[in-house]
Amino acid sequence: MPKKKHFETHAIRTQTPTTAEREHSTPLYMTSSFTFESAEHARAMFANEIEGNVYSRYSNPNTDEFIAKICTMEGAEDGVATASGMAAIFGCLGGLLKQGDHILASRSLFGSSHQILSQLLPRWGITFTYADTREPDKWESLIQPNTKLLFLETPSNPGLDLIDLKWAGELAKAHNLIYVVDNCFATPYLQTPIEFGADLVQHSATKFIDGQGRAIGGVIVGSKKYIEEIRFFTRHTGPALSPFNAWLFSKSLETLGVRMDRHCDNAEKLAVFLAGNSNVHFVKYPHHKNHPQLELARRQMKRGGGVVCFEIKGGFDKAKSFIDRIDLLSRSANLGDTRTIVTHPASTTHSKLTEAERMAVGITPGLIRIAVGLENADDILQDVEQALTS
Ligand SMILES: *Cc1c(COP(=O)(O)O)cnc(C)c1O
């Protein structure tokens, strides 16, 4: 039997078969539909007797290649690619749940995930309860007879708290819950939730998967029986990923490993620098020695990832003047870009939460999130240092 290939090799060598041109790199299939050889061929395609592409809302060679790569990286059977990370989340919840169902979710979710759970799903009679990342012993008591799905994000954004994926998998199994993980922060290079029991893994491809701040997209992969239900929902509701974005993402995955290693190298250096700076109250980074869950971080994440957060001394005002003094780095709300991005969550990404809600997920007034990019680490550190001290 051939030896199992490694992550980077799959990322590069999983490829759509070449055309008659014998091109080396997968071409872009910018077409809305595909043709049939004959009336009989068309009939057989529509009857699902033979496989193939019909219409790019259903499937397209570029989207298929992107899905195939993510499936191999995450150890998943099947997947669906979507127009954004949020479309993947909504496709998952919309495709699998019905009126009367209940979701148990970790409290510190991405902002729009919070809006889907709290503002949209209740319209269709689907309810939710938040569980606190810092109080895992309470989770079991929050499961109701109608709880169908466990939805998690780890590491959390922006607090970088971790949830034990294996423990959550056992909880989901014991209560027959569909176990879904938003793995956007870690990427499959650093963390593969399916190995810890997850049924489905979701990504905003907009972040580290594209990695260059160019395109919006999403993907959800996992066990075939759930993916089929999600695919039915997304096929007919229509949030298809464009072939162009799928082509970009698939190319980007070829360098995911080397990029993530550099994101992690730079983030580690920044975390060490911040931990030693007298204007910093504390620093949070999954593989830094000060992280309260360091042992868990080492168990479930290969490295600490590309995001560092810290609490500046002096609270809200000092945090805002830090952001204003940033010179080289970018003031933006995105993450997973080649360019380092600084964000003040309390006044931007998480400003819609109440003060109490922010405190419950560790978003203090002086918290700053740095999505560390791929610039030279010395230049990143120098800009952060001048903004902290000037
Ligand atoms: C950005 C993000 C999303 C949403 O993805 P979009 O591509 O912006 O729709 C979901 N979850 C996490 C953790 C994210 O960072």
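Residues numbered from 1 in each chain as written. Predicted model: local features only at pLDDT ≥ 70, side-chain atom pairs only at ≥ 80, totals over all residues. Heavy atoms only, no water.

Visitor: What am I meant to see in the overall build of the protein here?
Guide: The helix and strand inventory of the protein stands at 14 helices and 12 strands. Taken over the C-alpha trace, the protein has a radius of gyration of 22 Å; the compact-globule value for 390 residues is 21 Å, and the two agree within 12%. Along the first, second and third principal axes, the C-alpha set of the protein runs to 75 × 55 × 40 Å. Classification of the 390 residues of the protein by burial places 54% in the buried group. (Helix = DSSP H or I, 4+ residues; strand = E, 2+ residues; numbered from the N terminus. Rg over C-alpha atoms; globule rule 2.2 N^0.38 Å. Buried < 20%, exposed > 50% of the residue type's maximum accessible area, 1.4 Å probe, protein only.)

Visitor: Is there a simple way to think about the site of the ligand in this case?
Guide: What surrounds the ligand is the set S84, G85, M86, F110, E153, D182, C184, S204, T206, K207 and G217. A distance of 2.9 Å is found between an oxygen atom of the ligand and a backbone nitrogen or oxygen belonging to G85. In the model, an oxygen atom of the ligand is placed 2.9 Å from a nitrogen or oxygen of the M86 main chain. Considering the ligand on its own, with 380 Å² of exposed area, one finds that the protein chains cover 93% of that surface. Its residues assigned to classes, the shell around the ligand shows 3 nonpolar, 5 polar and 3 charged. (Near = heavy atom within 4 Å. Polar contact = N/O pair within 3.5 Å; in protein donor to acceptor, adjacent residues only side chain to side chain. Areas by Shrake-Rupley, 256 points an atom, 1.4 Å probe, with all protein chains shown as cover. Nonpolar A, V, L, I, M, F, W, Y, C, P; charged D, E, K, R; others polar.)

Visitor: What exactly am I supposed to notice about helix α3 (residues 61–74) here?
Guide: Two residues of an α-helix separated by three or four positions point the same way, owing to the 3.6 residues in each turn. Taking 1.5 Å per residue as the helical rise, α3 with its 14 residues ought to reach 20 Å, and the 20 Å between its terminal C-alpha atoms agrees with that figure. Of the residues making up α3, those classed as buried are P61, N62, T63, E65, F66, I67, K69, I70, C71, M73 and E74. In this fold, the buried residues of α3 make contact with α1 (7–13), β1 (78–82), α7 (187–190), β6 (200–204), β7 (218–222) and α9 (243–253). Where α3 begins, one side-chain oxygen reaches toward the backbone nitrogen of N62, 2.8 Å away; that side chain belongs to N60. (Expected span 1.5 Å × (residues − 1). Contact = heavy atoms within 4.5 Å.)

Visitor: For this particular structure, what's the right way to read the pattern of salt bridges?
Guide: Two side chains carrying opposite charge are able to pair once their charged atoms lie near each other. Across all of its chains, the model carries 19 salt bridges by this definition. Here K98 ties to D101 by a salt bridge, and the two come within 3.7 Å at their closest N and O atoms. D101 gets classed as buried once you look at its relative accessible area, which sits at 3%. Three or more residues are tied together by salt bridges with common partners; here these are D261, D265, E268 and R303. (Salt bridge = Lys/Arg side-chain N within 4 Å of Asp/Glu carboxyl O.)

Visitor: I tried to follow the environment of R107 on my own but got confused; where do I start?
Guide: For R107, the position within the fold is in the loop between β2 (102–106) and α5 (111–120). Take R107: its relative accessible area is 30%, and that puts it in the partly exposed class. As a C-alpha pair, R107 and A360 span 253 residues in sequence and 8.4 Å in three-dimensional space. Polar contacts involving the side chain of R107 include one to the side chain of D132, which spans 2.6 Å.

Visitor: What exactly am I supposed to notice about the domain arrangement of the protein here?
Guide: It is common to give the size of an interface as the accessible area that goes away when the parts come together. Per the domain assignment, the segments making up the protein are domain 1 (7–253) and domain 2 (256–389). For domain 1 and domain 2, the distance between their C-alpha centres works out to 27 Å. Across the boundary between the two partners, domain 1 contributes 34 residues, which contact 39 residues of domain 2. Contact between domain 1 and domain 2 buries roughly 3200 Å² in total, counting both sides, with carbon and sulfur atoms accounting for 60%. It is Y189, L190 and F208 that lose the most area in domain 1 upon contact with domain 2, and together they represent 24% of the buried surface on that side. Applying the counting rule to domain 1 against domain 2 returns 2 salt bridges. The shortest N-O distance in the salt bridge between D164 and R299 comes to 3.4 Å. Inspection of the region where domain 1 meets domain 2 yields 18 residue pairs in polar contact (both at pLDDT 80 or more). Contributions of two or more residues to the side of domain 1 that touches domain 2 are made by α7 and α9. Among the elements that line the side of domain 1 that touches domain 2, the one with the most residues is α7, at 4 residues. (Domains from an automatic or database assignment. Buried area = accessible area lost by both parts, 1.4 Å probe.)

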